[in-house]
Amino acid sequence: KQIAIALKPSNLNNCGPSETASLRCSLYCLSGHPTLPCNVLKFKSTTIMLDCGLDMTSTLNFLPLPLVQSPRLSNLPGWSLKDGNAFLDKSHHVDLCVLHRYLSSLSFQTELIDLSTVDVILISNYHCMMALPYITEHTGFTGTVYATEPTVQIGRLLMEELVNFIERVPKAQSASLWKNKDIQRLLPSPLKDAVEVSTWRRCYTMQEVNSALSKIQLVGYSQKIELFGAVQVTPLSSGYALGSSNWIIQSHYEKVSYVSGSSLLTTHPQPMDQASLKNSDVLVLTGLTQIPTANPDGMVGEFCSNLALTVRNGGNVLVPCYPSGVIYDLLECLYQYIDSAGLSNIPFYFISPVANSSLEFSQIFAEWLCHNKQSKVYLPEPPFPHAELIQTNKLKHYPSIHGDFSNDFRQPCVVFTGHPSLRFGDVVHFMELWGKSSLNTVIFTEPDFSYLEALAPYQPLAMKCIYCPIDTRLNFIQVSKLLKEVQPLHVVCPEQYTQPPPAQSHRMDLMIDCQPPAMSYRRADVLALPFKRRYEKIEIMPELADSLVPMEIKPGISLATVSAVLHTKDNKHVLQPPPRPTQPTSGKKRKQRVSEDIPDCQVLKPLLSGSIPVEQFVQTLEKHGFSDIKVEDTAKGHIVLLQEAETLIQIEEDSTHIICDNDEMLRVRLRDLVLKFLQKF
């Protein structure tokens with residue numbers, strides 16, 4: 001049977017601010033990008049970072065890094081400071097053009113939270129771990145990172161590709177004076193309006209990547225991980241990407257669910273685990289779709305039809321993409337579409353430093369795939385059809401445009417390559433090569449970057465531009481349905497989700513609608529989550545439990561007093577029998593000293609329960625010689641006046657007070673009459 005133990009330790013009677021704060025749960029927002037989240041949760045004396053996404057949209061403010069000399073880009077004039085002697089030659093190439101604004105808000109770490117105090121980092125998917133080297137290698141972080149194996153391996157590929165793209169195009173010079181606030185305000189937009197540019201960093205190295213990844217501990221879905229005995233974290237399938245996870249963070253009596261980058265669509269990953277999110281006190285919701293008005297299936301259809309139209313007319317198709325994720329689904333759709341569209345003779349090229357590894361990894365992570373693709377592995381067949389495309393030479397992959405690709409390249413063709421920002425990678429070469437012909441088409445499928453801003457440095461552009469953003473993450477209709485099913489007590493989300501998009505202010509359906517209304521946060525906010533810890537689980541030693549003598553006060557409810565020592569270690573609480581006083585050997589003084597050594601917890605005071613029937617109590621008083629008794633009703637109970645004795649007895653639901661004028665014998669006599677109506681424990 002379950003036993004509820006009510007404790008009132010003396011050291012909590014005067015609970016100060018630090019003890020009170022430890023009973024609360026807080027959320028620190030370090031990122032202003034809801035799709036690339038970075039939040040820190042303080043819960044039960046643990047500090048947990050939820051994701052560490054890398055906001056790379058700042059790269060759109062700068063010119064591309066071409067693989068070969070570009071006369072058009074290299075002949076652009078530099079920028080000089082007219083109000084002084086400083087000269088920032090070709091300032092568009094400052095800091096080697098690696099202007100990735102890591103974490104989007106790491107500048108707040110000293111003011112908002114010290115990242116060296118973070119105990120663990122929970123990673124949701126490989127897109128949300130791109131800032132990990134900046135944290136593990138440069139902030140004093142010494143904790144553990146938890147992620148699934150596909151998340152780690154594919155995240156490594158994305159980082160490796162990024163480092164490769166940057167390091168293979170070194171710049172002869174760099175400039176950093178522009179970061180000075182006095183100079184920055186003189187720069188043209190959008191640089192002069194950029195926030196906290198001093199936190200922009202150069203790209204990390206592969207040595208830093210490997211060091212960061214070595215700190216990751218691999219976990220599997222539904223695996224329960226104990227954090228210092230205080231809380232338990234569990235990854236759940238989120239249905240978005242290979243190995244992508246939502247996280248449950250719970251104690252014995254509180255539960256926080258973290259939902260980031262989830263999908264209900266049937267694609268290649270395992271389906272989303274919704275049932276485990278039920279009974280949450282708080283559900284933190286991030287990583288919703290960036291294009292809520294676009295249907296992914298419709299976008300895939302447009303992608304295929306525009307691709308076919310271009311190659312039939314003798315043009316080439318360029319698809320800026322990441323080396324993992326949506327590209328698997330695009331290749332699968334093209335596999336089914338090629339023959340019917342008459343594209344059997346059109347070569348498909350996948351160019352990336354990690355192209356080969358990405359295609360191989362997608363085939364070996366069978367246990368992380370949906371049921372249909374898992375079943376193919378046991379036939380045995382490759383789970384993804386791009387294996388057949390490779391075998392039939394319809395799909396070829398290369399590490400770069402140099403070497404074998406130059407020999408095999410023929411047109412018209414379809415090229416999948418990075419980076420989606422069009423600021424670095426092999427995609428820059430193809431934009432320069434194909435941009436002057438209206439026969440060619442560039443099709444944008446990644447929603448992370450504004451395609452209009454991405455194209456700006458390449459204008460004027462003759463090639464056709466098609467925007468078919470494919471984002472399988474939850475939209476607002478799916479979120480509303482999900483919240484109704486799992487029914488969390490409170491929902492916490494970025495401020496952007498609690499109001500319609502600025503460009504569509506009339507679309508009230510493009511925001512989260514739940515009851516009670518969602519609590520919102522923005523970058524640099526510290527949010528007190530709306531629940532307070534009230535209970536702790538305590539074990540009781542068998543010998544102590546054996547000494548309890550419960551008394552039934554209501555049907556099914558019994559009470560017993562217990563005198564014990566509370567032992568706490570590693571956030572585990574145990575009630576142990578109190579130490580027995582040592583028996584005195586001899587002497588009256590020794591006896592007196594032993595009695596003084598007995599702990600207060602062994603001086604038992606009776607616990608009282610029950611109610612005092614006022615009429616019977618008055619009759620009892622009269623039988624014991626009290627007269628001139630008057631009863632008055634109050635909001636909380638009754639007052640019995642003994643007018644002759646000038647005494648007042650205040651009877652309330654949870655207390656009884658006897659007030660008399662310096663007559664201790666009378667007070668004790670009345671106390672004994674009151675106790676006759678109560679049970680003692």
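Residues numbered from 1 in each chain as written. Predicted model: local features only at pLDDT ≥ 70, side-chain atom pairs only at ≥ 80, totals over all residues. Heavy atoms only, no water.

**Here we look at the packing of helix 19 (residues 614-623) against helix 20 (residues 664-675)**
Worth spelling out the cut-off: Every angle, taken between N-to-C directions, lies between 0 and 180 degrees, and every axis is a line fitted to C-alpha atoms, over only the stretch in contact when it is a helix. Strands here mean DSSP runs of E at least two residues long; helices mean DSSP runs of H or I at least four residues long; both are numbered from the N terminus. Orientation is classified from the angle alone, with under 35 degrees giving roughly parallel, over 145 giving roughly antiparallel, 65 to 115 giving roughly perpendicular, and any other angle giving oblique. Crossing handedness is read from the near helix: turned anticlockwise from the far helix by less than a right angle, it gives a left-handed crossing, and turned clockwise, a right-handed one. Contacts: residue pairs with any heavy atoms within 4.5 Å of one another. By the convention adopted, Pro, Cys, Tyr, Trp, Phe, Met, Ile, Leu, Val and Ala count as nonpolar, Lys, Arg, Asp and Glu as charged, and the other residues, Gly among them, as polar.
One can describe the packing of helix 19 onto helix 20 by two numbers: an axis separation of 10 Å at closest approach and a directional angle of 135°. Regarding the angle of helix 19 to helix 20, the classification is oblique. For the pair helix 19 and helix 20, the sense of crossing is right-handed. Across the interface between the two elements, Phe-617, Thr-620 and Leu-621 of helix 19 pack against Leu-670, Leu-673 and Val-674 of helix 20. A per-class count over the contact of helix 19 with helix 20 returns five nonpolar, one polar and no charged.

**Topic: the pattern of salt bridges**
For clarity, the cut-off: By definition, a salt bridge exists where a carboxyl oxygen of Asp or Glu is found within 4 Å of a side-chain nitrogen of Lys or Arg. Only protein chains enter the calculation, and the probe is 1.4 Å; a residue is then buried if its accessible area is under 20% of its type maximum, exposed if over 50%, and partly exposed in between.
The full count for this structure, using the stated rule, is nine salt bridges. In this structure, the salt-bridge partner of Asp-509 is Arg-507, at a minimum N-O distance of 2.9 Å. Given the relative accessible area of 26%, Arg-507 is considered partly exposed.

**What to know about the sheet that holds strand 7 (residues 144-148)**
What counts is decided by this rule: In this analysis, strands are considered paired if DSSP registers two or more bridges between them.
Reading across from one edge, 8-7-6-3-2-1-22 is the order of the seven strands in this open sheet, with mixed pairing throughout. Of all strands in the sheet, those bounded by a partner on one side alone are strand 8 (216-219) and strand 22 (526-532). Neighbour-to-neighbour, the strand axes of the sheet open up by a mean angle of 25°, direction not taken into account. As paired elements, strand 6 (residues 120-122) and strand 7 share three bridges and run parallel to each other. Note that in strand 7 the partner of Leu-122 across the bridge is Tyr-146.

**As for the side chain of Thr-472**
Its place among the elements puts Thr-472 in the loop between strand 19 (464-467) and helix 16 (476-486). Setting aside anything within four residues of it in sequence, one finds Thr-472 in contact with Tyr-240, Ser-262, Ser-263, Leu-265, Thr-267 and Pro-296.

**Some thoughts on helix 20**
Applied cut-off: For a helix, the expected span equals 1.5 Å multiplied by the residue count minus one.
Helix length check: helix 20, at 12 residues, gives a terminal C-alpha distance of 16 Å against a target of 16 Å (1.5 Å per residue), a fit within 8%. Taken residue by residue, helix 20 has Leu-666, Leu-670, Leu-673, Val-674 and Leu-675 as its buried positions. Among the structural elements, strand 28 (608-609), helix 19, strand 30 (637-642), strand 31 (647-652), strand 32 (656-659) and strand 33 (679-680) are those in contact with the buried residues of helix 20.

**Here's the deal with the side chain of His-419**
To be explicit about the condition: Two N or O atoms form a polar contact when they lie within 3.5 Å of each other; inside protein one atom must be a possible hydrogen donor and the other a possible acceptor, and for residues adjacent in sequence the pair counts only when both atoms belong to side chains.
With respect to the helices, strands and loops of the structure, His-419 is situated in the loop between strand 17 (414-417) and helix 14 (427-434). Residue class for His-419 comes out buried when judged on its relative accessible area of 5%. A distance of 2.9 Å separates polar atoms of two side chains, one belonging to His-419 and the other to Ser-421. Leaving out residues up to four positions away in the same chain, His-419 has contacts with Met-56, Phe-165, Pro-320, Tyr-322, Phe-424, Gly-425, Val-427 and Phe-449.

**Here's the deal with the pairing of strand 13 (residues 282-286)**
Within strand 13, five of the five residues are buried, which leaves it mostly tucked inside the rest of the structure. Taking every second residue as pointing to the same face, both faces of strand 13 are buried, with Val-282, Val-284 and Thr-286 on one and Leu-283 and Leu-285 on the other. Sheet analysis places strand 12 (residues 255-260) next to strand 13, joined by five bridges and oriented parallel. By the bridge assignment for strand 13, Ser-257 is matched with Leu-283. Judged from the three bridges that link them, strand 13 and strand 20 (residues 490-494) form a sheet pairing that is parallel. Within the sheet, the bridge partner assigned to Leu-283 lies in strand 20 and is Val-491.

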